[in-house]
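The primary structure of each chain is shown beneath.
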Amino acid sequence: MGRWARLGLVLSLTLVLCLTALWAGTLAAADEEGNQDESLESKTLSAEDQVKDHSTGTRVVAGQIFLESGKSDSQSEDEENFHSQEEEKENSLEELNSLEVSNLLNKDLEEAEIQSPVLTAIGGTADGEPCHFPFLFMEKEYAECTADGREDGRLWCATTYDYKKDQKWGFCETEEQSNKRRQMQEAEDVYQTGMKILNESSKKAQKKEAYQYLLKAADMNHTKAMEKVSYALLFGDYLKQNIQSSKELFEKLTEEGSPKGQVALGFLYASGLGVNSSQAKALVYYTFGALGGNLIAHMILGYRYWAGIGVLQNCESALTHYRLVANHVASDISLTGGTVVQRIRLADEVENPGMASGMLEEDLIQYYQFLAEKGDVQAQVGLGQLHLHGGRGVEQNHQRAFEYFNQAANAGNSHAMAFLGKMYSEGSDVVPQSNETALQYFKKAADMGNPVGQSGLGMAYLYGKGVPVNYELALKYFQKAAEQGWVDGQLQLGSMYYNGIGVKRDYKQALKYFNLASQGGHILAFYNLAQMHATGTGVMRSCHTAVELFKNVCERGRWSERLMTAYNSYKDGDSNSAVVQYLLLAEQGYEVAQSNAAFILDQKASIVGENETYPRALLQWNRAAAQGYTVARIKLGDYHFYGFGTDIDYETAFIHYRLASEQQHSAQAMFNLGYMHEKGLGIKQDIHLAKRFYDMAAEASPDAQVPVFLALCKLGVIYSLQYVREINIREVFSHIDMDQLLGPEWDLYLMTIIALLLGTIIAYRQRQHQAIPRPAGLRPAVPQQEPPPEHQPPQ
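Per chain, residue numbering runs from 1 following the sequence as it is written. For this predicted model, a pLDDT threshold of at least 70 governs which residues receive local features, and a threshold of 80 or more governs which side-chain atom pairs are given and counted, while totals over whole chains, interfaces and linings are taken from all residues. Note that the side-chain values use all heavy atoms of the structure and ignore hydrogens as well as water.

Draft legend 1. Spatial organisation of the packing of aromatic side chains. Within 6.5 Å between ring centres, the rings of Phe, Tyr and Trp (the latter by its six-membered ring) count as paired, and their orientation is classed by plane angle as stacked under 30 degrees, edge-to-face over 60, tilted in between. Summed over all chains, the structure comprises 29 aromatic pairs. Seen in terms of ring centroids, Trp169 and Phe171 are 5.2 Å apart; in terms of plane orientation they differ by 85°. Their pairing is edge-to-face. Only protein chains enter the accessibility calculation, which uses a 1.4 Å probe; a residue whose area is less than 20% of its type maximum is buried, one above 50% is exposed, and one in between is partly exposed. In this structure Trp169 comes out as buried when scored by relative accessible area, which is 17%. Judged by relative accessible area, Phe171 falls into the buried class, the value being 11%. Residues Tyr642 and Phe644 carry aromatic rings whose centres are separated by 5.7 Å and whose planes lie at 20° to one another, so their mutual orientation is stacked. On the accessibility criterion, Phe644 (31% relative accessible area) is partly exposed. Every member of this aromatic cluster is reached through a ring pair, and the members are Phe133, Phe135, Phe137, Tyr142, Trp156, Tyr163, Trp169 and Phe171. Any Lys NZ or Arg CZ that is within 6 Å of a ring centre and within 35 degrees of that ring's normal is treated as a charge sitting over the ring. Stacked on the ring of Tyr477, the Lys or Arg Lys476 has its end atom at 5.6 Å from the ring centre.

And the structure:
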């Protein structure tokens, strides 16, 4: 038998073994699925889910659900029996073929072994000879090419072991390759310098300087530098915004296979910035970006499959993409619950200028700082929490948080002690990780009845941090913290019930405590609930609910920080930068970004053509309305009513107003419906229904009472005129017999009544003139009487 024929036989046998194993794995998966759930949805999920599926046999670590080998007793026995049978089949196949396979592998694969490419010397004294590794040079062994001994930095190697003895050498690269390598090394050095300045500085001038280094590195074709610069040009971050230049860089990055470049180019085609809008091209680039592992691309695809944008609506595909992103987001979240996401709506700020946006004014922060310096413990704790988590206009700063907590803890505040324990337990650049110190603070706070301290103490006993593992004590402290409404205690209590740690496994109790923790906004609680709904653990499986929960988790990722960046750009007067940032976040499914982008476009943003602002705004209002935003639904009605970005369509406007009225009970929508009924626009004119909707609007909102009153007054006048127009007054009076109604002397009675009314009015007016009150404290001026004529002085 020839060498290649034998090699083919080896590969064929290997393929048979692989197919056998794959067949066995498929049967096992099918059997397991049949035991868990026979529903069509469950089968579809297991077939389509590319992400690791979290079934009922999972465990929760640090509040997160992970896969576990343990199953229910009956399920475990069935699976063990099945797997043992499959293992026997595989073992028998292996015994039959192992001898022949091993002989052929030993004999023939050695003959057909593919040699690794040998590095050949270029030029020098041994041109064309293979490099010898290791080789000895200057009493030092080299296992790879080196630039030692050369001033030009060009790599070389020896072709014998002892260079000094044989003087046999050659270059490892051509001169062109050497120049390119040195250029890329120089670009890397420039890039690292720029990133160091960017990460270590907070001043705008220094960040601009850092981007000059990145620009230089990008000009030298450094991929990461090009990614940073291209996004900076797109958003106007520390560089002048230039959509066309960013597009050219994105195209270059895409050709090199950069997932970030592919996602950005997909965004440009989706939003029509710098290119003609094409949802098909956008979908292609997003897909390639997702295949390259870009999380934002997965998030965009998840939203598109969930909402049916450019693709057929598919909940299972959306679940696949969102779960993959949520896994990464949840793994990066500490037990503090993650960063705070500020969702500020520009439309609401304009409609209600006095409404709090969640941001703290600089004056108010300075006031709290003043109180903290004066020893106000509550101000110290509040500022410590703000700096620990960041948000509300305050940047995350662990150093300042530690200082404020220290001051409050020294004053005996239990909350500050507990948070110091959390900081020491998790560790950071500012606070070194120390279980012992954390335990001390947790004990002090827990002894004072603080739920944060109790939860921290429970964590210590659950994971054995500074103390032996004790599930009973962990459960006790978590229950105490949960009873006081602390989300960490609720989350960990749910985890213990889910895993059956220290208690009997109870999915209903786990679901209860995860729900409580999610009401407090804990991101890991949302993640755990999503996993339970996705797999049907303790609840009926619901793909839709799981996707919504996973979407919530994904929107807490680090990319959510751009919401505040976009808001600050808008407040600084840079609407073009703000709208591009909001549009990218809108692609990721952020409803607040969709409404804010539409709001800015509605104000005629100059980054797009004047004729394109309303159609683009209409698209974003439509997506925001689909996610339940009332103002967006009313805006859709307005756009169709007035013909902004679309043809005037009263019937469609009526439908949007009715949806906002019925689903969100919007007073504005009810008022608009009343007006359309009054005028007969898009619906049959009906004054009675108009009055009904006006009354409903007044009941729904106190702010609507004044416009409703005016509208009802106008409606009354219109109704009266309409009634008068419909009847003939002359005919009415001709049919009325006053003598029969009021008697033969009715005219005398009428004259008498009119005379009495006139008399009453005259008497009332005279009495009013006599009773004019004089100002208090003033006396009437006495007129000076002229002396009688006889007393007048002579002329």
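Draft legend 2. Summary view of the environment of Asn552. Helix and strand definitions follow DSSP, with helices as H or I runs of at least four residues and strands as E runs of at least two, each counted in order from the N terminus. Following the sequence through the fold, Asn552 ends up in helix H24 (residues 543–554). The class for Asn552 is partly exposed, based on a relative accessible area of 23%.

Draft legend 3. Region of the structure containing the nonpolar core. Only buried residues count toward a nonpolar core. Its members are Ala, Val, Leu, Ile, Met, Phe, Trp, Tyr and Cys residues joined through side-chain atoms within 4.5 Å. Among the nonpolar cores identified, the biggest contains 149 residues, and Phe267, Leu268, Tyr582, Ile600 and Trp621 are the most heavily contacted of them. When residues of this core are assigned to their parent elements, the largest contribution, nine residues, is made by helix H23 (residues 523–535). Within the second largest apolar cluster, 13 residues are counted, among which are Tyr142, Trp156, Cys157 and Ala158.

Draft legend 4. Highlighting the state of the cysteines. For the purposes of this analysis, a disulfide is any pair of cysteine sulfur atoms at a distance within 2.5 Å. One pass over the full model with this rule turns up three disulfides. The disulfide partner of Cys131 is Cys157, and the gap between their sulfur atoms is 1.9 Å. Across the S-S bond of Cys131 and Cys157 the torsion is about -60°, and the bridge reads as left-handed. Taken together, the residues Cys131 in the loop between helix H3 (73–111) and strand S3 (135–137) and Cys157 in strand S5 (residues 156–158) connect sequence positions 26 residues apart. Taking the relative accessible area as the measure of exposure, Cys131 reaches 11% and is therefore buried. Along the chain, the cysteines that take part in disulfide bonds pair up as 1-3, 2-4, 5-6, counted in sequence order.

Draft legend 5. Up close: the pattern of salt bridges. Here, a salt bridge means any Lys or Arg side-chain nitrogen found within 4 Å of an Asp or Glu carboxyl oxygen. Scanning the entire structure with this criterion turns up 15 salt bridges. Salt-bridge contacts for Asp488 lead to Lys422; the nearest nitrogen and oxygen are separated by 2.9 Å. Of this pair, Asp488 sits in helix H21 (residues 487–499) while Lys422 is found in helix H17 (residues 414–426), placing the two residues 66 residues apart along the sequence. A single burial state applies to Asp488 and to Lys422, both of which are buried.

Draft legend 6. Local environment of the packing of H17 against helix H18 (residues 435–447). Lines fitted to C-alpha atoms define the axes here, with helix axes fitted over just the stretch in contact, and angles between the N-to-C directions of these axes take values from 0 to 180 degrees. Two numbers describe how H17 lies on H18: the axes approach to 8 Å, and their chain directions differ by 155°. Comparing the axis directions of H17 and H18 gives the class roughly antiparallel. As for the relative orientation of H17 and H18, their crossing is left-handed in sense. Listed contacts from H18 to Ser414, Met417, Ala418, Leu420, Gly421, Lys422, Tyr424 and Ser425 of H17 are Thr437, Ala438, Tyr441, Phe442, Lys444 and Ala445. In terms of residue class, the contact of H17 with H18 is made up of eight nonpolar, four polar and two charged. Any angle between 65 and 115 degrees counts as roughly perpendicular, while under 35 counts as roughly parallel, over 145 as roughly antiparallel, and the rest as oblique. What makes a crossing left-handed is the near helix being turned counterclockwise from the far one by less than a right angle; a clockwise turn instead makes it right-handed. In what follows, a contact means two residues having at least one pair of non-hydrogen atoms within 4.5 Å. For this scheme, ten residues count as nonpolar: Ala, Val, Leu, Ile, Met, Phe, Trp, Tyr, Cys and Pro. Four count as charged, namely Asp, Glu, Lys and Arg, and the remainder, Gly too, count as polar.

Draft legend 7. Quick look at helix H29 (residues 630–642). One less than the residue count of a helix, multiplied by 1.5 Å, gives the span that helix is expected to have. Helix length check: H29 (13 residues) gives 19 Å between terminal C-alpha atoms against 18 Å at 1.5 Å per residue, within 8%. Here H29 has its buried residues at Ala632, Arg633, Ile634, Leu636, Gly637, Asp638, Tyr639, His640 and Phe641. A positive phi of about 80° marks Gly643, the residue just after H29.

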